[in-house]
Every structure is written in structure tokens, then in C-alpha cells.
Amino acid sequence: MPVKKEKEPLIMHPRPSSIVAALYTLRDLDTDVVILHGPPGCSFKHARLLEEDGMRVVTTSLDETGFVFGGHDALVEVLEKVIERFNPRRIGIVGTCASMIIGEELHEAVTQVQPDVPVIEVDVHAGYRDNTKGVVMALESALASGIISEAEFERQKALLKEATLVEKRHGAASKEYLEPNRGDLKYKVAGRLLELIKQGKKGLNILNAKKETAFMFADINLAVAQVAQKLGYGSNIVNMVNLDDNVGLPKNRRNAREIKDDLKEKGFEIHHIIGGLDEYPVAGNTADRIIGEKYSDYDFAVISGVPHALPMNNINNMELFSVTNGPRQVVPLKEMGHTHVVVEIDLHPKTLGVSHIVESEFGATLREMVKDA
Amino acid sequence: MPKQIAIYGKGGIGKSSTASNVAAACADEGYRVTIIGCDPKSDSSITLLQGRRIPTIMDLMREGIDIKEEDIVFNGYKGVKCLEIGGPEPGIGCAGRGIIVAISLLKKISRAIEDTDLVIYDVPGDIVCGGFVAPVKKGLVNEAYVLTSGEYMPLYAANNICKGLSRLEMTLNGVICNSRGALNEEKIVSEFAKEVGSQLLAFIPKDVLVQTCERDGYSVIEKAPDSQIAAVYRKLAKSIMGKRDGKIPVPLDDARLRELTRI
Ligand SMILES: Nc1ncnc2c1ncn2[C@@H]1O[C@H](COP(=O)(O)OP(=O)(O)OP(=O)(O)O)[C@@H](O)[C@H]1O
Ligand code: SF4
Ligand SMILES: [Mg+2]
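Presented here is a report on the structure given in the accompanying data block. (Residues numbered from 1 in each chain as written. Chains lettered and ligands numbered in written order. Predicted model: local features only at pLDDT ≥ 70, side-chain atom pairs only at ≥ 80, totals over all residues. Heavy atoms only, no water.)

**Details of a nonpolar patch on the surface**
Inclusion rule: Two joining distances apply to patches: 9 Å for like charges and 5 Å for nonpolar side chains (Val, Leu, Ile, Met, Phe, Trp, Tyr), and every residue must have over 30% relative accessible area and no salt bridge. To measure how exposed things are, a 1.4 Å probe is used in the Shrake-Rupley method; for residues, cover is taken only from the protein chains shown. When a carboxyl oxygen of Asp or Glu is within 4 Å of a side-chain nitrogen of Lys or Arg, the pair counts as a salt bridge. Segments assigned H or I by DSSP are reported as helices when at least four residues long, segments assigned E as strands when at least two residues long, and all are numbered from the N terminus.
Nonpolar side chains collect at one region of the surface, where Leu-10, Met-12 and Tyr-177 of chain A lie side by side and expose about 320 Å² of accessible area between them. Structurally, Met-12 of chain A is set in the segment before helix 1 (18-28).

**Some words on the pattern of salt bridges**
Two side chains with opposite charge may pair up if their charged atoms get near one another. Operational definition: Relative accessibility decides the category of a residue: with a 1.4 Å probe and only protein chains considered, values under 20% of the type maximum give buried, values over 50% give exposed, and everything between is partly exposed.
Under the definition given, this model contains 42 salt bridges over all chains. In this structure, the salt-bridge partner of Arg-155 of chain A is Asp-278 of chain A, at a minimum N-O distance of 2.8 Å. Placement of Arg-155 of chain A in helix 8 (residues 150-170) and of Asp-278 of chain A in the loop between strand 7 (272-273) and helix 12 (280-295) is noted, with a sequence separation of 123 residues between them. Between Lys-68 of chain B and Asp-66 of chain B there is a salt bridge, with its nearest N and O atoms 4.0 Å apart. For Asp-66 of chain B, a relative accessible area of 39% corresponds to the partly exposed category.

**Overview of unusual backbone geometry**
Of note in this structure, Ser-43 of chain A is not a glycine but carries a positive phi near 60°. On the secondary structure map, Ser-43 of chain A appears in the loop between strand 1 (33-37) and helix 2 (44-52). Notably, Gln-50 of chain B is not glycine yet its phi reads approximately 55°, a positive angle. With respect to the helices, strands and loops of the structure, Gln-50 of chain B is situated in the loop between strand 2 (33-37) and helix 2 (57-62).

**As for empty space enclosed by the protein**
Residues and elements named next belong to chain B. As a reminder, the rule being used: In the cavity and pocket records, a cavity denotes points on a 1 Å grid over the protein atoms alone where a 1.4 Å probe fits but cannot get out, a pocket denotes an open set with protein on both sides within 12 Å along at least 5 of 7 lines, and lining residues are residues with an atom within 4 Å of a point. Grid points are joined across faces, edges and corners, and a volume is the space filled by probe spheres set on the points.
For the structure on display, the rule yields 1 cavity of 30 Å³ or more. The space that makes up the largest cavity amounts to roughly 50 Å³. If you trace the largest cavity, you find it lined by Ser-17, Ser-20, Asn-21, Thr-47, Val-210, Glu-214, Tyr-218, Ser-219 and Val-220. Going through the elements one at a time, helix 1 (15-28) and helix 8 (208-216) are the ones with two or more residues in the lining of the largest cavity.

**Some details on the sheet that holds strand 4 (residues 119-122) of chain A**
Residues and elements named next belong to chain A. The test is simple: At least two bridges found by DSSP between two strands are what make those strands a pair. Axis definition: a line fitted to C-alpha atoms, limited for helices to the stretch in contact. Angles are taken between N-to-C directions and run from 0 to 180 degrees.
Taken together, the 4 strands give an open sheet; going across it, the order is 2-1-3-4, and neighbouring strands pair in parallel fashion. Two strands bound the open sheet, and with one partner strand each, they are strand 2 (56-59) and strand 4. Each adjacent strand pair in this sheet contributes to an overall mean axis angle of 20°, direction not counted. Examined bridge by bridge, strand 1 and strand 3 (residues 91-95) share 5 bridges and lie parallel to one another.

**A short note on the interface of chain B and chain A**
One frequent convention defines the size of an interface as the accessible area lost when the parts assemble. Here is the rule: In what follows, residue pairs with any heavy atoms lying within 4.5 Å of each other are defined as contacts. What counts as buried area is the accessible surface, traced by a 1.4 Å probe, that two parts surrender upon association, with contributions from both included. Residue classes follow a fixed rule: Ala, Val, Leu, Ile, Met, Phe, Trp, Tyr, Cys and Pro count as nonpolar, while Asp, Glu, Lys and Arg count as charged, and any other residue, Gly among them, counts as polar.
Contacts between the two partners involve 12 residues from chain B and, on the opposite side, 12 residues from chain A. Taken as a group, Ile-65, Arg-97 and Lys-137 of chain B account for 40% of the area that chain B buries against chain A, more than any other trio of residues on that side. Notably, a salt bridge pairs Lys-138 of chain B with Glu-105 of chain A, separated by 3.1 Å at the nearest N-O pair. Partitioned by chemical class, the residues of the side of chain B that touches chain A number 3 nonpolar, 3 polar and 6 charged.

**So, the site of ligand 1**
All names here are of chain B. Cut-off, in case you're wondering: Nearness is defined per residue: one heavy atom within 4 Å of the molecule or strand is enough. Polar contacts, as used here, are pairs of N or O atoms within 3.5 Å; protein pairs need one atom able to donate a hydrogen and one able to accept it. Residues neighboring in sequence count only if both atoms are side-chain atoms.
Near ligand 1 you find 19 residues, and of these Lys-15, Ser-16, Ser-17, Lys-41 and Gln-211 are the closest. For ligand 1, a nitrogen atom lies 3.0 Å from a polar atom in the side chain of Asn-178. In the model, a nitrogen atom of ligand 1 is placed 2.6 Å from a nitrogen or oxygen of the Gln-211 side chain. Considered on its own, ligand 1 offers 640 Å² of accessible surface; in the complex 83% of this is hidden by protein. Within the residue set of the shell around ligand 1, elements represented by two or more residues are helix 1 and helix 8.

**Remarks on the pairing of strand 6 (residues 237-241) of chain A**
Residue and element names in this part refer to chain A. To keep it simple, the criterion reads: With its strands directed away from the observer, a crossover is right-handed exactly when the path from the first strand over the helix to the second travels clockwise.
Burial of strand 6 is extensive: 5 of the 5 residues sit out of reach of the surface. In strand 6, alternate side chains face the same way, and those of Ile-237, Asn-239 and Val-241 on one face and Val-238 and Met-240 on the other are all buried. Bridge count between strand 5 (residues 203-208) and strand 6: 5 bridges; the pairing is parallel. Looking at strand 6, one finds that Asn-205 is bridged to Asn-239. The sheet contact formed by strand 6 and strand 7 spans 2 bridges and is parallel. Pairing of Val-241 across the sheet is with Ile-273, part of strand 7. Remark: the strand 6/helix 11 (residues 250-265)/strand 7 crossover connection has right-handed handedness.

**Looking at the packing of aromatic side chains**
All names here are of chain A. Stated formally: Ring pairs are drawn from Phe, Tyr and Trp, using the six-membered ring of Trp, whenever the two centres fall within 6.5 Å, and their geometry is named by plane angle: stacked under 30 degrees, edge-to-face over 60, tilted for the rest.
Evaluated as defined, the whole model comprises 3 aromatic pairs over all chains. Ring geometry for Tyr-295 and Tyr-298: centres 5.1 Å apart, planes at 75°, overall edge-to-face. Judged by relative accessible area, Tyr-298 falls into the buried class, the value being 12%. When the centroid spacing of 6.2 Å and the interplanar angle of 80° are considered together, the rings of Phe-300 and Phe-321 count as edge-to-face. Of this pair, Phe-300 sits in strand 8 (residues 300-305) while Phe-321 sits in strand 9 (residues 319-324), placing them 21 residues apart in sequence. Of the two residues, Phe-300 and Phe-321, both sit in the buried class.

**Structural notes on the packing of helix 1 of chain A against helix 7 (residues 132-144) of chain A**
Packed helices, taken two at a time, are described by their axes: the angle between them and the distance between them. All names here are of chain A. Our working definition: Any angle that is under 35 degrees is reported as roughly parallel, and any over 145 degrees as roughly antiparallel; angles of 65 to 115 degrees are reported as roughly perpendicular and all others as oblique. Here a crossing is called left-handed whenever its near helix is offset anticlockwise from the far helix by less than a right angle, and right-handed whenever the offset is clockwise.
Closest axis-to-axis distance for the helix 1/helix 7 pair is 7 Å, and the angle between their directions is 45°. Between helix 1 and helix 7, the interaxial angle falls into the category oblique. Judged by the twist between their axes, the crossing of helix 1 over helix 7 is right-handed. Residues Ser-18, Ala-21, Ala-22 and Thr-25 of helix 1 form the contact with helix 7, whose own contacting residues are Gly-134, Val-135, Ala-138 and Leu-139.

**A few points about helix 6 (residues 152-167) of chain B**
A turn of α-helix holds 3.6 residues, and therefore any two residues three or four places apart point the same way. Selection criterion: To estimate how far a helix should extend, the number of its residues minus one is multiplied by 1.5 Å.
Look at helix 6 of chain B: 23 Å from first C-alpha to last across 16 residues, which is about the 22 Å you get at 1.5 Å a residue. Those residues of helix 6 of chain B lying buried are Tyr-152, Pro-154, Leu-155, Ala-157, Ala-158, Asn-159, Ile-161, Cys-162, Gly-164 and Leu-165 of chain B.

**Brief notes about the packing of helix 9 (residues 186-198) of chain A against helix 15 (residues 361-369) of chain A**
Residues and elements named next belong to chain A. The interhelical angle for the contact between helix 9 and helix 15, taken along N-to-C directions, is 55°, at an axis separation of 9 Å. With respect to helix 15, the axis of helix 9 lies oblique. As for how helix 9 packs across helix 15, the hand of that crossing is right-handed. Each of Lys-186, Tyr-187, Val-189, Ala-190, Gly-191, Leu-193 and Leu-194 in helix 9 lies in contact with helix 15, whose residues at this interface are Glu-361, Phe-362, Thr-365, Leu-366 and Met-369. Among the residues forming the contact of helix 9 with helix 15, the class breakdown is 8 nonpolar, 2 polar and 2 charged.

**Observations concerning the environment of Ala-102 of chain B**
Residues and elements named next belong to chain B. Turning to its location among the elements, Ala-102 is positioned in helix 4 (residues 95-109). Ala-102 sits in the buried class, given a relative accessible area of 0%. Ala-102 sits 33 residues away from Pro-135 along the chain, and the two C-alpha atoms are 9.9 Å apart.

The structure is reproduced here in C-alpha cells:
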């Protein structure tokens, strides 16, 4: 008898797209140009943002005629133009709902044009429940073209599975509908945090951020360390960061190194490395273990990035300050027991195309409030 | 590698009945046969299953079932493996996308399309949208056959299919005439086959037995094995199983097509 899978509950709020996830993955794989095979407006905002990171994104601009008559010729034309104009060393071709529904074979265009550089083809559309599907598909294709190793592929796949679970448990996929929320007032939260520091309370300062978002999230942890130092309680703060630069795709390693160098230069002492920049779904477990062993009696914790990936076991009794960039993450975090939730709105766009830490609003607020101390 | 064939032709011309009779005839000869219905109305394998309807791949997908091979492959007449892709009711959704999704799934989970001697894809009507040529595009078909009568419209459709095949750089391995009793029919279809660069493999006469057996849920091979028409299907089956190379067809222009039907 066929086994019925349990029906996945409906989720109504819009969520990250698999097509966009594939685009970001191709960027992490140092792809020079990506061709989106589909309508001109598809994934526009992210396509544009990715150019800040140096990856070109172009579109075959399928229109009504293309939907009806197919887009093979358009793809061939764009592929030829891309080779001529950008002289890329690595090309990506990414599907969209439109081209996949009408049965476009991305590979046919590649066979016809025969580029002499590797082409990563991703037969993706936006109709997958979890956007991580787009990442897996891009990685599968990269594996098939020999761009990543089997070991790296398996590692990534395991991480993505964890990431999907994290979102299901306490993230964007945890409820039928999540109300967006701007979070608590930064001024008030900063006030409370400074109060605790001034009382000589002991605190954990944890960065668990997803990839390049760490460029701004790290600024929050940096600010916490700086203000504690300034108030004379620097030694009460323990810093943990997911900035291991020996794991992950080339870009993630590079970024981890850049952020670490920046932190060091500003006198930030890293007490524990809890994982790499792509290990945010599991680095929380490492942090949890370390906290259980050494810091379970601490009074408060600041967690920036993906705070909901940190298990509550050992931080349950601490006053929690979490910083997220997702307005839809506020409610789940509060429900988990995070007392203060701060949202750094529009954080991601500001972390593209950078190689140094970017100032955060919450970090700036903290610094401003101890300016005259 | 098994012989993987698809039978194309004008809607209603007799593709499904020819496919199931050929499947049954090959099974009689001891071949392992798999038939895959690519038609949303899922009627390709009924006559191999004594009139029983099997759950379609798309039905199971819609129900959210974690599909295993045994959920979708059913043993029919003499062990012919029967699969139906299924799809939406007419006028709803996108049947072509259904075929693409189902074919990708089959490639992943099914041994039935590999551990076998003959796979027959039974496709509806003329080549419609991209989805209906998915078996060809995904490299699962290595031989194509066109079924037609000697009348103008079925030949017109057959010629269009030749256009489609040549665009896909797919070979045409033979033309089959399913008679509708037109004048000089065998000669017309035979000439058409030659001119597009192929050959006439069989002339199947119009025989009410096909319909009566079908109504009871059987192929003529099973229900009327000693009939004349059963012998014709057997001969066709032999000729399909015999090694033969195909050529990418060269479609005719419309004027020539009209002329042909006036022979
Ligand atoms: N040689 C024949 N003699 C008499 N009737 C036939 C013959 N071949 C097919 N038929 C009948 O013609 C009808 C249509 O045949 P069938 O369903 O096989 O066509 P088809 O090409 O598969 O159609 P579709 O394009 O809708 O899938 C059926 O009732 C079938 O029994
Ligand atoms: S529906 Fe799909 S193809 Fe169309 S714009 Fe949205 S993501 Fe792109
Ligand atoms: Mg049919």
C-alpha cells in the first residue's frame, strides 16, 4: 500500500524563493554571470543586489510569445551574447516557473552553443515549499560539473537539511501565518543591556549569522564588547562567533576571514569559534554545548544573526537579547522566551559587495549611549 | 539498454489500442514489456489489465504520497508492466507539466524502464506542448513511430509530427497504417512513409474485434488470439522488435501531401 506523507500545513506569508536561493548559491560558487531563463521581472530585486557582489545576472526576457512558442532561441542568443560581452570563466543558467512549466531544456542551448567554460544548469522554479531546494539543486549541478567535491556536497546537504528544520521549528515555516513586527525599541533594549553590564552581570555575546549577513551582525557583537570595555566590565563578556574560515564555499571562507581580521583589529577577542558562516543551522548546538560546560550560570546573552537556531536548554534562565533581520522572526523568538528582540531592518542588502564590517543601528545606539561615560 | 519507443499520431487514430496490442504480442513472445501511458485520460493500459484502472502517478503525487516503484507499476497481461502518468481533467491546470514531473520521478525511482526489453510511451494526440515530448527530450525514447490512416487529416497530423521529430533530431523508425477504409489507403501511406524517409511497417485493417475486445477490457491478443487482426499485431510486434535503424524524417510540403491523398 502506498504510504501517505503527512500533509504539510499551509503557510500563507510569502517566503524566500528557491530561484533566488539558487542565484545566491551560484554566487558563492564564484559564478561570473548567471542567465535567468524566464520573464524579465523574475527575481529582479535580488538579481540587482547580486551585482553588488560582482556577479552579473541577465535574463532571457521571455514574454507571452516565449511562453507559447518556447524560449530555446532566446536562451541560445543570450548565452552567446554573455560569452562575447563578459568573457566569463564560469556561467550559470537558472530556470524559472515560466520556463520550467513549458518544459524548456536548459541543456539543449548549452549543447548548441558549446561554451568552453563550465556551465552550471539549474532546473529550478519557485514552487518548492522550502527555498533550500534551490540551493541543493544548484549544488547538485555544481557537483555534476566537477566544481565542488562529493564531500563538500554532502556537507552542504546535511547543513541545508538542518536549516530547513530550524525554520520549521522556530522560523519562517513554523506557523500558518506570521505577522511581521518591527521588534522592540532599540533605545530601550540598549538601555536595559547597559544596565545589566553596569551591574557587573556576566554575559554571553554570540554571533550566529548566515553567510554575508555577518558583516553587519558582527557589528552588534563588536559594539557589545566595546561598550562593556568602556564601562570597565570587558572581562565579564564571553564572545562566541561562527567565523571558522576553514570550512565552506570559497566566498564564505573569504568573508569569515575578513570579518575576523576586522574584529581583531578593533580589539575584539574571540573566545570560541562555534562554526563557519554556512554552519549557522548547527553552530548553535556547538555554542549550546560550550555554554552547558562553562557558562550556564551567566546572567544574559546577546545573540545576533539566526538566534532561533540556538537551543534554549542552557540559556533558559538568562535574560536574552536577540537581534534578527527578519520582521517575521520577532513573534517566534518571543514565544521561545527571548525577552528582547531587535530587528535590523533591510540588513541583507547592506552586506552585499562589502569586505568590512558594516555599522548596525543597534550597535550605533549602544555606542552612542555610552559616549559620555 | 531496452528498446524505448513512442507512438505518435493524430488524436483518436488508434495509438493506444495499437500500443497495448503490440505490448501483449511482445509479451507472448517472451519479451519483458513496460507500457507508460502519458495521457491525462490514462487509458493506455486498461486493456492489459482486464479493464481495471490503476492509480496514476499524478494522482498519488497530488495526495502527497512518497511514491515508491510498487505504488505505480502494475502487472498486466503476461507480466506487462503498466504505468499511467495521469493528469488533470480537461481544461484545468497543465497536463504537460505533469508529464515532465512524472518522467523526472520515473528516472529516479523506477527500474521498470531499465530492467526490461521494450518500453512503450503512449502519448496523446499530436505533439502538443513541451511536456508531451518530455520522454524524448529527457532521453528516454530512442525510437519513434507514427500511426496514421490514408485520409488527409491524419496524414497532415503525421506530417506535422515528422516536423516535430526532425526539430528534436529524433529518428522516425517506421510508419504504421491503421486503416479507416480510405481508397488506396495502403498505397498512400506507404508512399508517404517513403517520402518522409521511412517505411510502412504494417497495415492494420479496420476490425470491429478491436472495439469489442476493448469494451470488455482486453486486447485482441488476449481475447481473440486466433483472429486475423491478432496476427497482424503479432507481425507488427516482430517487426518493431527486429533491429532496424531510423532516420530523422523529412516532412513534406502541404501541396505534396494533398496530392498524395488523391492517388
Ligand atoms: N484497427 C482498428 N479497427 C477498429 N477499431 C479500431 C482500430 N484501431 C483503433 N480502433 C478504435 O478506435 C478508437 C480510438 O482508438 P485509441 O483510443 O487507441 O486512439 P488513440 O490514438 O490512442 O486516441 P488518443 O489520441 O485520444 O489517445 C478506439 O475505440 C479503438 O478501439
Ligand atoms: S512566478 Fe516564478 S517565474 Fe514568475 S516572476 Fe515569480 S518566481 Fe519568477
Ligand atoms: Mg490514446
